[in-house]
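Take a look at the letters that make up each chain.
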Amino acid sequence: MAKRLYALGRWAALHRSRVLTMWVLILAVTAGLGTALGGKATTEFSVPGVESQQAQDLLKEKFPQAAGGTARVVFAAPAGAKLSGENEQRAIAATLKEVAAVPGVINVSDPAKTGAVSRDGTIGYADALFGKPANTVPQSAKDRLDEALNPAKRAGLEVELGGTVSTPPAEVGGPAEVLGVVVAFVVLALALGSLVAAGLPLVTALVGVGVGVMTVQFLSRFIEMTNTATVLALMIGLAVGIDYALFIVSRHREQLADPEHDVPDSIARATATAGSAVTFAGVTVIIALAALATTGIPFLTVMGLAAAGTVLLAVLVALTLVPALLGFLGERLRPRSARPGAGSPQARTPGRERKPGAWGLAWGRLMTRFPVPVLIVSVLGLLALALPATGLRLGLPSNETQPTASTQHKSYELLTKGFGPGFNATLVVVVDGTRIPAAQRETVVEQIADTVGKDPDIATVAPPRATEDGAITVLGVVPKTGPDDQRTTDLVHRLRDHAVNPVTDAGGTAYVAGATAAGIDVSAKLSSALPLFVTIIVVLALLLLMLAFRSILVPLKAVLGFLLSIAAGIGAVVWVFQDGHLTGLFQVAAAAPIACFVPVLLIGVLFGLAMDYEVFLVSRMREHFHHHRDARAAVEHGVERSGRVVTAAALIMAAVFGGFIFNHDPTVKTIGFALTVGVLIDAFVVRLTIVPAVLSLLGRHAWALPKWLDRAVPNVDIEGDSLPSRSAGDRTAPVAAEPVRAGKG
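A.B. asks: Teacher, can you tell me more about the overall build of the protein chain here?
C.D. replies: When helices and strands are counted, the protein chain shows 25 helices and eleven strands. By principal-axis analysis of the C-alpha atoms, the protein chain measures approximately 95 × 50 × 45 Å. Across the 745 residues that make up the protein chain, the buried fraction comes to 55%. In the protein chain, of all internal contacts separated by at least 6 residues, the share reaching a separation of at least 24 is 81%. About 30,500 Å² of surface is accessible on the protein chain, with carbon and sulfur atoms providing 61% of the total. For the protein chain, the separation between the mean place of its 62 positive charges and that of its 57 negative charges on side chains is 11 Å.

A.B. asks: Would you mind showing me how to read empty space enclosed by the protein here?
C.D. replies: To find leftover empty space, a probe the size of one water molecule is rolled over the atoms. For the structure shown, the criterion picks out three cavities of 30 Å³ or more. By volume, the largest cavity amounts to about 180 Å³. R251, A274, F616, R620 and S642 are, among the 15 residues lining the largest cavity, the residues nearest its centre. Every element with two or more residues in the lining of the largest cavity is listed here: α10 (227-256), α11 (263-290), α21 (598-628) and α22 (631-658). Its residues assigned to classes, the lining of the largest cavity comprises six nonpolar, four polar and five charged.

A.B. asks: Can you walk me through the pairing of strand β1 (residues 70-76) in this structure?
C.D. replies: If a strand is regular, its side chains alternate between the two faces of the sheet. The buried count for β1 comes to five of seven residues, which makes it a mostly enclosed element. Here β1 runs beside strand β3 (residues 123-130); their pairing, made up of seven bridges, is antiparallel. For R72, the partnering residue across the bridge sits in β3 and is D127. Strand direction decides the pairing type here: β1 and strand β4 (residues 158-162), joined by five bridges, are antiparallel. Looking at the pairing, V74 lines up with E160 of β4.

A.B. asks: Help me understand the environment of P483, please; the structure alone is not making it clear to me.
C.D. replies: Residue position: P483 is located in the loop between β9 (472-479) and α17 (486-499). A relative accessible area of 18% means that P483 is categorised as buried. Between the C-alpha atoms of P483 and G508, which are 25 residues apart in sequence, the distance is 28 Å. In this structure P483 touches Y412, P421, N424, A425 and T516, once residues within four positions along its chain are discounted.

A.B. asks: Whenever I open this one, unusual backbone geometry confuses me. Can you help?
C.D. replies: Working note: non-glycine residues mostly have negative phi, and peptide bonds are mostly trans. Despite not being glycine, R550 has its phi angle at roughly 50 degrees, a positive value. Assignment of secondary structure puts R550 in the loop between α19 (515-549) and α20 (553-578). The class for R550 is buried, based on a relative accessible area of 10%.

A.B. asks: Before we go on, may I ask you to explain the packing of aromatic side chains in this structure?
C.D. replies: Within a pair of aromatic rings, the relevant descriptors are the distance that separates the centres and the angle that separates the planes. Throughout the structure, instances matching the rule amount to ten aromatic pairs. Arranged with centres 3.3 Å apart and planes meeting at 25 degrees, the rings of F247 and F616 form a pair that is stacked. One end of the pair, F247, is in helix α10; the other, F616, is in helix α21, and 369 residues separate them in sequence. Residue classification places F247 among the buried residues on the basis of a relative accessible area of 6%. Between F577 and F673, the aromatic rings sit 5.3 Å apart at their centres with planes inclined by 70 degrees, giving edge-to-face as the arrangement. A residue pair is termed long-range when its members are at least 10 positions apart, and F577 in helix α20 and F673 in helix α23 (residues 666-698) qualify at 96 residues.

A.B. asks: Looking at this model, I keep getting lost on the sheet that holds β1. Mind explaining?
C.D. replies: In sheet architecture, strand pairing relies on hydrogen bonds along the backbone and comes in two forms, parallel and antiparallel. Reading across the sheet, the four strands line up as β2-β3-β1-β4 and stay open at both edges, with antiparallel pairing between neighbours. The open sheet terminates on both sides in strands that have one partner only, identified here as β2 (105-108) and β4. Going from strand to strand, the sheet's axes swing by 25 degrees on average, the running direction of each strand aside. In the packing of helix α4 (residues 86-100) onto the sheet, the strands contacted are β1, β2 and β3, and the crossing angle to β2 comes to about 155 degrees.

A.B. asks: Just checking my understanding: could you explain helix α13 (residues 358-369) for this structure?
C.D. replies: The α-helix winds at 3.6 residues per turn, so residues separated by three or four positions along the chain end up facing the same way. An ideal rise of 1.5 Å per residue puts 16 Å on twelve residues; α13 measures up with 17 Å between its terminal C-alpha atoms. Among the residues of α13, G360, L361, G364, M367 and T368 are the ones counted as buried. Relative to the axis of α13, the buried residues are bounded by an arc of 125 degrees and lie together on one face.

A.B. asks: Would you explain the pattern of salt bridges in this entry?
C.D. replies: Between side chains of opposite charge, a pair can form when the charged atoms approach closely. According to the stated counting rule, one finds 18 salt bridges in the structure shown. Between E636 and R365 there is a salt bridge, with its nearest N and O atoms 3.9 Å apart. On the criterion of sequence distance, the pair formed by E636 in helix α22 and R365 in helix α13 is long-range, its members being 271 residues apart. Where R687 meets E614, a salt bridge forms, and the shortest distance between an N and an O atom there is 2.7 Å. Pair noted here: R687 is in helix α23 and E614 is in helix α21, with a separation of 73 residues, a long-range link. Classification of R687 as buried rests on a relative accessible area of 0%. Through salt bridges with shared partners, one network takes in D455, D457, R487 and R494.

A.B. asks: What is the right way to read the side chain of D521 from this model?
C.D. replies: When you line up the elements, D521 lands in helix α19. Filtering out sequence-adjacent residues up to four positions away, D521 remains in contact with V50, E51, S52 and R496.

A.B. asks: I keep staring at the environment of V377 and nothing clicks. Help me out?
C.D. replies: With respect to the element layout, V377 can be found in helix α14 (residues 371-386). Along the sequence, V377 and I690 sit 313 residues apart, while their C-alpha atoms lie 9.8 Å from each other.

The rules behind the values
- Within any chain, residue numbers begin from 1 and follow the written order of that chain's sequence.
- The predicted origin of the model limits local features to residues at a pLDDT of at least 70 and limits the giving and counting of side-chain atom pairs to 80 or more, whereas totals for whole chains, interfaces and linings rest on all residues.
- Only heavy atoms go into the side-chain values, all of them from the structure, while hydrogens and water stay out.
- Helical segments are the DSSP runs of H or I of at least four residues, strand segments are the runs of E of at least two, and each set is numbered from the N terminus.
- Burial status follows relative accessibility: with a 1.4 Å probe on protein chains alone, a residue under 20% of its type maximum counts as buried, one over 50% as exposed, and anything between as partly exposed.
- By definition, residues are in contact when any of their heavy atoms lie within 4.5 Å.
- Areas reported here follow the Shrake-Rupley algorithm with a probe of radius 1.4 Å; residue values treat only the protein chains shown as occluding.
- Two residue types count as positive, namely Lys and Arg, and two as negative, namely Asp and Glu; His and chain ends fall outside the count.
- Lys charges are placed at NZ, Arg charges at CZ, Asp charges at CG and Glu charges at CD.
- Using a 1 Å grid laid over the protein atoms alone, points where a 1.4 Å probe fits but cannot get out form a cavity; open sets with protein on both sides within 12 Å along at least 5 of 7 lines form a pocket; any residue with an atom within 4 Å of a point counts as lining.
- Grid points are joined across faces, edges and corners, and a volume is the space filled by probe spheres set on the points.
- Here the term charged refers only to Asp, Glu, Lys and Arg, the term nonpolar to Ala, Val, Leu, Ile, Met, Phe, Trp, Tyr, Cys and Pro, and the term polar to all other amino acids, Gly among them.
- Two strands are said to pair when DSSP picks up at least two bridges between them.
- Between 30 and 60 degrees the pair is tilted, below 30 it is stacked and above 60 it is edge-to-face, where a pair is any two Phe, Tyr or Trp rings, Trp via its six-membered ring, whose centres lie within 6.5 Å.
- Helix axes are fitted to C-alpha atoms over the stretch in contact, other axes to C-alpha atoms as well, and angles between N-to-C directions run from 0 to 180 degrees.
- Helix span, as expected, comes to 1.5 Å for every residue beyond the first.
- Here the arc refers to the directions that run from the helix axis out to each C-beta atom.
- The term salt bridge refers to a side-chain nitrogen of Lys or Arg lying within 4 Å of a carboxyl oxygen of Asp or Glu.

This is the structure in structure tokens:
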């Protein structure tokens, strides 16, 4: 591998104009396609095969009036007044008239006629039903809906919007995300010691992310995907794009510290050695993300593949565009002390120059000197962080978790205040009576309504709505408890097990659906798919790491460390977002169950990123041991050489992910927090602390491979043994048609 990457890196440096032109054209084409022909993302999370989705599909096919998007308009009377007042009634009537005129609205309910008014008469709601699914309602209709609320607002009423149509899309590009990129630039400048070198990883990462995100945007025209897929692709692509470029640029700068090292050869060697680590790390990330397809959940599959595609682009950019730009920069990236005229090494004042990696060497020696205490403290600390994860509860995002200033959150609170916590957990019982004789359908519906209404955890059962032929009937069911209450989950299972018996006995089919039931279904689906998902990424990662390091114990240690990181990361997420700690600091609107797909995403993404650090750190250890056969010195050398760059990479990822913590979308906020905490824990506690301690205890056994397995495993050569030697000709050879020019800086 190293030999091929050496040739690729040298070719890219020598033909840098062609490489740069190629990537600029790719970026321009994808930007044009994504902007002009891009599709529209959805805010819905559908899972084929589960009961709630089967009910939704049935309604779309046979009762579309009940399957369209809804906008719930919530009215609250001014202090001291009631909605029954003459002024309030006039304002509500005028508002509902405007809402009915919104394009796409096919029906609007009247609170006074439907009884949708609280007992004290101060809060009421009207449902505006659209003739198409919520994700297909155009933004122009949503804007018109907002304007339709003005009559009630002018009359002094508080008017808020809920329902599926009002769910806001995830957006990026706010001040926090920009600040994260600025912090990443500062870290790059400190790590590389050069503003020019610091700018290069940012530029190349933005190229890769631009191509990836625009491609995802274009593909959304043909493939249904959630808006979170684009955000995840941006988040992951930007972080790994910066890190992969950082590793190659850092290795190149390290080699140029030798005044005799020729620039083109250094670029090629950096691409061969650090590029090998980038390739293995990138493949691991791609596998982990692509493995989300094994969950059998389409929106997770699309999210994983979108992010995996962006990571693949980051690897290709790192192996081609980065060497090309390094070729353009030429001598500008050589450390000043190694440039012509800086004086001979013998003439430099002793002690005046800081030795790169000095703190890393000191840290590595500390880890190898006291490995047992280090392991005890680190493992116990991670287990303590992981404790809250034992109480993990999963669900789907609701309006309760939207920002407190948003109309969605306010509508949720008003409905809870006026009608009780169960009102926001409304269930839908869908009766398919196609196979029930027409004369019996009405009786069967009455029986199931009576059975459901007798359940002690049911507050009310709304009057049934049916198709013209009576074949499909829908009953709204309001529980006494909220959507996040365990009693509501138990109620859903109880209704499915027993309450639907009258329909089943008559030959029909009954479904218990609704947003709350969908959350329960998706959580169960993910729980059943999780063991296979984890098994696949762990086994494939073990094989890849064994191939890279020619060891059994090193991959096992890497996986065990990852499991500790995951447990601690999920524990931190539960402690903040579910248990409600530090909600003010992180602008969390309400403590609630974790979005059911966040743990799976965290496992997939963090596993790949953790293997990044493992490969970059341990590859230098393996390289030193391969050449010197001193296990302890190899550990110290690896931390010395890679500790600073791994630290910088982790801080960069934390800065990029951390910017998304303050995004208004609760799902993006949770993912950003989970990845930020997970990366910091894995990099600083696991990779830079536990890994050196464990490897020092294992000694030479860490790098052992049974002879029969050693013969079977191909040698991929990430150490660079197959590279050509640096001869005098190499050091003086020109750079073909486009010579590398010395810079002034």
